[in-house]
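The chain contents come next:
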Amino acid sequence: MRNRFYSHISANTIQLVINQLFGLVIFYFLSTGLDKAGFGNINFALALLLALFNILSFGIDQVAVRKIAAGENPKAILSLYIIHVLITGLGFYLILIAANTLFPSALKSYNLLLLIAAGKLAIYFSTPFKQSAIGMERFRLLAKMSVMSNILRGVFLAILAYRHQITLPNVIYTFAGGDILELIIAFFFFKNATGLPSGIQWNRNAYASLIKESLPQLGVVVITSALARFDWLFIGIFVSAVKLAEYSFAYKVFELSALPLLAIAPVLIPRFTKMFKEGKPDMPSLKKLVMVEMAIALFTILVLNICWSPVIGLITHGKYGVVNRWTIFILSLCIPFQYLCNFYWTIYFARGQLKLILRAFIVTFVINIFGDIILIPSWHNEGAAAACLAGFIAQLLFFIRNIRLKDLE
């Protein structure tokens, strides 16, 4: 069992390393090839669309993983999940088309918004296959579905950079094409490996039951989507696109620094689900996992802050180094709390305590949003980072107050 666990982590880590590496390549070409205003504007549009598509999932993505990991029929769950993304995704895109027709002046700054949205819609359509692979613990399959399009995007942007053709339209065409390719790859790889979907079956009662079960998680998704990009949107609207470009650069590196957590987190959901379903968890292993995560988090903080100004300043030609040194310092302090919050969240989720998770994220939401509103106007990017840190601390305190590791023994 332990060998299988580490095998899953290894497979998930490989795909994450490849994706993050090419994601970093893409991010580098965008941040250096576009001016700060253009970089800020495209990040604003992407942040808005990704938040909206996350909300449209209704939280079914994580619930589907837990149900499949618990032994429920993957064919039935996948079928309902595909129906959900088709209904909500196509409905949302039709609304965007109507808005573009009725209010073209409102979308003038983002005249390629529909093309960006088409790409993100394709990614949204691919999520049932990826989440089902996680629930089945088919992490090698997940790796195959996830890496190809990112590699091609990175290579194509490198060619554009070499030819000095990094422009906003070219970037959007590249992203949209890569997103659509990812959907095609995910469908065919998943179909060949599992034989699913063999057909989509509509069951109104089963779909209603799935939505009802996901409702507490929907609240979490709405809040996390707002938290994930509210600071970006607030800075873009009330400060400037240039400050958003600087903050989004620092925040992206902060996200990349959580690579070990991204490798571990998807593997923990099915494993914890089975562990709590079978009875008492393996407490020594859980405590060891926490200690390892804390060591990784502290090492990441140290490396990130030592290397930031000299390395980032050098590779971005001075655009995003020194100007972000305090922003990245504050964001880096979030990393240990991020690991611990994910650990406790996984325990709650595996035990089906979705309402408690919702309450935890409501507390986080209130702290973070009020922090953004109060701090960003005066402290700009550093204020947004401080609000993010306060939100993580509040969430961890809520989790610890409601469950301690010794309570699980």
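Structural data are supplied above this passage.
The rules behind each value
Residues numbered from 1 in each chain as written. Predicted model: local features only at pLDDT ≥ 70, side-chain atom pairs only at ≥ 80, totals over all residues. Heavy atoms only, no water. Helix = DSSP H or I, 4+ residues; strand = E, 2+ residues; numbered from the N terminus. Buried < 20%, exposed > 50% of the residue type's maximum accessible area, 1.4 Å probe, protein only. Contact = heavy atoms within 4.5 Å. Areas by Shrake-Rupley, 256 points an atom, 1.4 Å probe, with all protein chains shown as cover. 1 Å grid on protein atoms, 1.4 Å probe; cavity = no way out; pocket = protein on both sides within 12 Å on 5 of 7 lines; lining within 4 Å. Points joined across faces, edges and corners; volume = space filled by probe spheres on them. Nonpolar A, V, L, I, M, F, W, Y, C, P; charged D, E, K, R; others polar. Polar contact = N/O pair within 3.5 Å; in protein donor to acceptor, adjacent residues only side chain to side chain. Expected span 1.5 Å × (residues − 1). Phe/Tyr/Trp six-rings, centres within 6.5 Å; stacked < 30°, edge-to-face > 60°. Lys NZ or Arg CZ within 6 Å of the ring centre and 35° of its normal. Salt bridge = Lys/Arg side-chain N within 4 Å of Asp/Glu carboxyl O. Patch = residues over 30% accessible without salt bridge, like charges linked within 9 Å, V, L, I, M, F, W, Y side chains within 5 Å.

Engineer: Explain the overall build of the chain to me, please; I cannot follow it from the model alone.
Structural biologist: Regarding its fold elements, the chain presents 14 helices and zero strands. Listed by position from the N terminus, the elements making up the chain come as α-α-α-α-α-α-α-α-α-α-α-α-α-α. By the burial criterion, 53% of the 409 residues in the chain qualify as buried. Partitioning the contacts of the chain with sequence separation of at least 6, the portion at a separation of at least 24 is 84%. Carbon and sulfur atoms form 68% of the exposed surface of the chain, whose accessible area is close to 18600 Å².

Engineer: I tried to follow empty space enclosed by the protein on my own but got confused; where do I start?
Structural biologist: Following the criterion strictly, the structure yields two cavities of 30 Å³ or more and no others. Empty space within the second largest cavity amounts to approximately 60 Å³. Around the second largest cavity sit I42, L46, L115, I116, G119, K120, I172, F175, A176 and D179, which together line it. Grouping the constituent residues of the lining of the second largest cavity by class yields seven nonpolar, one polar and two charged.

Engineer: Looking at this model, I keep getting lost on the side chain of H84. Mind explaining?
Structural biologist: For H84, the location among the structural elements is in helix α4 (residues 74–102). In this structure the side chain of H84 is engaged in a polar contact, spanning 3.4 Å, whose partner is the backbone oxygen of S57. Look past the residues within four positions of H84 in its chain and what remains in contact with it is L56, S57, F58, I60, Y124, Y207 and I211.

Engineer: Explain helix α7 (residues 168–194) to me, please; I cannot follow it from the model alone.
Structural biologist: Three or four residues apart is the spacing at which side chains of an α-helix point the same way, because the helix has 3.6 residues per turn. Its 27 residues place the ends of α7 39 Å apart at the C-alpha level, agreeing with the 39 Å of an ideal helix rising 1.5 Å per residue. When we look at burial in α7, the residues that qualify are V171, I172, T174, F175, A176, G178, D179, E182, I185, A186 and F190. Immediately downstream of α7, the backbone of G195 shows phi near 80°, a positive value.

Engineer: Please explain the packing of aromatic side chains as it appears in this structure.
Structural biologist: The description of two aromatic rings rests on the distance between their centres and on the angle between their planes. Inspection of every chain in the model, using the stated rule, returns 20 aromatic pairs. Between W345 and F349, the aromatic rings sit 4.9 Å apart at their centres with planes inclined by 15°, giving stacked as the arrangement. Note that W345 and F349 are positioned in helix α13 (residues 335–350) at a spacing of four residues, about one turn of the helix. For the pair formed by W345 and F349, the shared burial category is buried. Look at Y348 and F399: their rings are 5.0 Å apart centre to centre, the planes differ by 35°, and that puts the pair in the tilted class. One end of the pair, Y348, is in helix α13; the other, F399, is in helix α14 (residues 354–402), and 51 residues separate them in sequence. Note on accessibility: Y348 and F399 belong to one class, buried. Among the aromatic residues, ring-to-ring pairing joins F272, F343, Y344, Y348, F398 and F399 into one connected group. Here R66 stacks its cationic end above the ring of F349, 5.3 Å away from the centre of that ring.

Engineer: Hey, could you run me through the environment of N43 in this one?
Structural biologist: Topologically, N43 is positioned in helix α2 (residues 36–56). Spatially, the C-alpha atoms of N43 and A245 are 7.5 Å apart, while their sequence positions differ by 202 residues. Other than its neighbours up to four places away in sequence, N43 contacts W232 and S248.

Engineer: It is not clear to me how helix α11 (residues 283–315) should be interpreted in this structure. Could you clarify?
Structural biologist: Between its terminal C-alpha atoms α11 stretches 44 Å, which fits the 48 Å expected from 33 residues at 1.5 Å a residue. Of the residues one or two after α11, H317 is the one with positive phi, at around 60°.

Engineer: Please clarify how the layout of surface pockets should be interpreted in this entry.
Structural biologist: Where empty space is left can be seen by rolling a probe of water-molecule size over the atoms. In this structure, the largest pocket encloses a volume near 530 Å³. Taken together, 21 residues line the largest pocket, and the ones lying closest to its centre are L24, V253, L256, S257 and L304.

Engineer: Is there a simple way to think about the pattern of salt bridges in this case?
Structural biologist: All chains considered together, the criterion is met by nine salt bridges. A salt bridge links E246 to K36, with the shortest nitrogen-to-oxygen separation between them at 2.8 Å. One end of the pair, E246, is in helix α9 (residues 241–256); the other, K36, is in helix α2, with 210 residues separating them in the sequence. For E182, the salt bridge is made with K130, and the minimal N-O distance between the two is 2.2 Å.

Engineer: What is the right way to look at the environment of K191 in this model?
Structural biologist: Within the fold, K191 resides in helix α7. On the basis of relative accessible area, K191 is assigned to the partly exposed category, the value being 30%. Each C-alpha atom of the pair K191 and F129 lies 8.8 Å from the other, and the pair is 62 residues apart in sequence.

Engineer: Looking at this structure, how should I read a nonpolar patch on the surface?
Structural biologist: Taken together, I180, I184, F187, F188 and F189 make up a surface patch of nonpolar side chains, about 430 Å² in accessible area. Structurally, I180 can be placed in helix α7. Classification of I180 as partly exposed rests on a relative accessible area of 40%.

No statement about biological role is implied by the geometric values presented.
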